[in-house]
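One-letter residues, chain by chain:
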Amino acid sequence: MTRTTRTSLPSVLAVDAGNSKTDVALIAADGTVLGTGRSGGFQPPRHGVEAAVDVLGQAVAEAVAAAGLPAAGPGSPYAARVSACLANADLPVEERRLADAIGARGWGAATDVRNDTFAVLRAGVDEPRGVAVVCGAGINCVGMTPDGRTARFPALGRISGDWGGGGSLAEEALWCAARAEDGRGGATELARALPAHLGHDSMASLIEALHLGGVPHGRRHELTAVLFAVAAAGDPVALSLVHRQADEIVAMASVALSRLGLLDEEVPVVLGGGVLAARHPQLNDRIATALTARAPRALITVITAPPVLGAGLLGLDAVGSPPGAHEKLRTHFG
């Protein structure tokens, strides 16, 4: 492998860090990917900022090794700019703190930190203009325009008015199923399907197992797929939860478009995250119909490209890369 020297410093160190994994790419000025790396989830609320940034460092080191870069030293960064899109960077104050912590590592001559939803948005648009809603384990929405204006939500859960994502859907499905079995709620196939999926014969048995740790907490996310299967079969209770999720996604996207003055313009609305990428008709079709009624010219797309692509594109935007660089980067991750 040809070693990259400091005279040919890469333009961008792109970082996309979610709760479960971190992806890093070193990118040349022309959009060539020189090296990539992967490490674990980025969770500063649980582990602290410095420990969380250490996890990023593992992926950075892997990318640097793949690119054949010499070891960094004082005043010798790996790239002209770090473009980091991070989970748990939900408030501007958190972005500033994380930018300071990452900047102190000396990986780039300059450091930009954004919430990771911005990476999904930029990966799905040809220019930094549009709105993205991410519905995976949780839910978030951001919008941006080429002049630097943004629209966003705190995305801190119920305390900031948020509802949805796989975690909330599984929890609501369990709530409805429990009440159906004991008589407090309406009948639903969820009362049979949820416990059966996890090897139990009743909600009472499943509730006890969940409470006492008999079912690993991580398996709860599997119940979201069960909910969608039951909804697809026509169960009205399950379908009402799916429709509630669709309506929440439309509300977030519409408000973000309105804040940016884009509600009546032709503009991309990018849908990302595991729940939306699964393209459940009961969810995605309702989103399309309801959003079109509120934003008739919205161009809805579902993106499956890796978000590190978006982080890289944002970095290339910032350094003013030459024509063709963005498309070359897209081709690499295509």
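Up top is the structure these notes are about.
Residues numbered from 1 in each chain as written. Predicted model: local features only at pLDDT ≥ 70, side-chain atom pairs only at ≥ 80, totals over all residues. Heavy atoms only, no water.

(A) A look at the nonpolar core. Counting 56 residues, the largest nonpolar core has Leu190, Leu194, Ile249 and Leu283 as its most contacted members. The contact partners of leucine 190, leaving out residues within four places of it in the chain, are Ala173, Cys176, Ala177, Pro195, Leu227, Val230, Val237 and Ala238. (Core = buried A, V, L, I, M, F, W, Y, C linked by side-chain atoms within 4.5 Å. Buried < 20%, exposed > 50% of the residue type's maximum accessible area, 1.4 Å probe, protein only. Contact = heavy atoms within 4.5 Å.)

(B) Expanded view of helix H13 (residues 325-333). Buried within H13 are the following residues: Ala325, Leu329, Arg330 and Phe333. In a view along the axis of H13, the buried residues occupy a sector of 135°, so they form one face of it. Close packing links the buried residues of H13 with strand E2 (21-27), strand E3 (33-40), helix H4 (117-123) and helix H12 (307-319). (Helix = DSSP H or I, 4+ residues; strand = E, 2+ residues; numbered from the N terminus. Arc of directions from axis to C-beta.)

(C) Representation of the packing of helix H5 (residues 166-182) against helix H8 (residues 222-232) in the model. Contact geometry of H5 with H8 gives a least axis separation of 8 Å together with a crossing angle of 65°. One way to sum up the angle between H5 and H8 is to call them roughly perpendicular. Judged by the sense of rotation from one axis to the other, the crossing of H5 with H8 is left-handed. In this structure, H5 uses Gly166, Leu169, Ala170, Ala173 and Leu174 to contact H8, whose residues at the interface are Leu223, Thr224, Leu227 and Phe228. A breakdown of the residues in the contact of H5 with H8 according to their chemical character gives seven nonpolar, two polar and no charged. (Axes fitted to C-alpha atoms, helices over the stretch in contact; angles between N-to-C directions. Parallel < 35°, antiparallel > 145°, perpendicular 65-115°, else oblique. Left-handed = near helix turned anticlockwise from the far one by under 90°. Nonpolar A, V, L, I, M, F, W, Y, C, P; charged D, E, K, R; others polar.)

(D) Here's a closer look at the sheet that holds E3. A sheet is described by the order of its strands in space; here five strands give the open sequence E3-E2-E1-E4-E5, paired in mixed fashion. The outermost strands of the open sheet, each flanked by one partner alone, are E3 and strand E5 (108-115). For this sheet, the mean inter-axis angle between neighbouring strands, taken without regard to orientation, is 15°. The pairing of strand E1 (residues 12-17) with E2 spans six bridges and is classified as antiparallel. Within E2, the position partnered with valine 12 by the bridge is isoleucine 27. In the packing of helix H2 (residues 49-67) onto the sheet, the strands contacted are E1, E2, E3 and strand E4 (79-86), and the crossing angle to E3 comes to about 150°. Across the sheet, H12 lies against E1, E2, E4 and E5, angled at about 145° from E1, the strand it touches most. (Pairing = 2+ DSSP bridges.)

(E) Region of interest: the sheet that holds strand E6 (residues 130-135). As summarised here, the arrangement of the five strands in space is E8-E7-E6-E9-E10, forming an open sheet in which the pairing is mixed. Where the open sheet ends on each side, the last strands, each with one partner, are strand E8 (150-152) and strand E10 (298-302). The sheet shows a mean angle of 15° between the axes of neighbouring strands, taken without regard to direction. As paired strands, strand E9 (residues 267-272) and E10 are joined by five bridges and run parallel to one another. Of the residues in E10, the one forming a bridge with proline 268 is leucine 299. Helix-sheet contacts for helix H9 (residues 236-259) involve E6, strand E7 (139-144), E8 and E9, and the interaxial angle to E7 is about 25°. The strands touched by helix H11 (residues 281-294) within the sheet are E9 and E10, with E10 carrying the most contacts at an inclination of about 165°.

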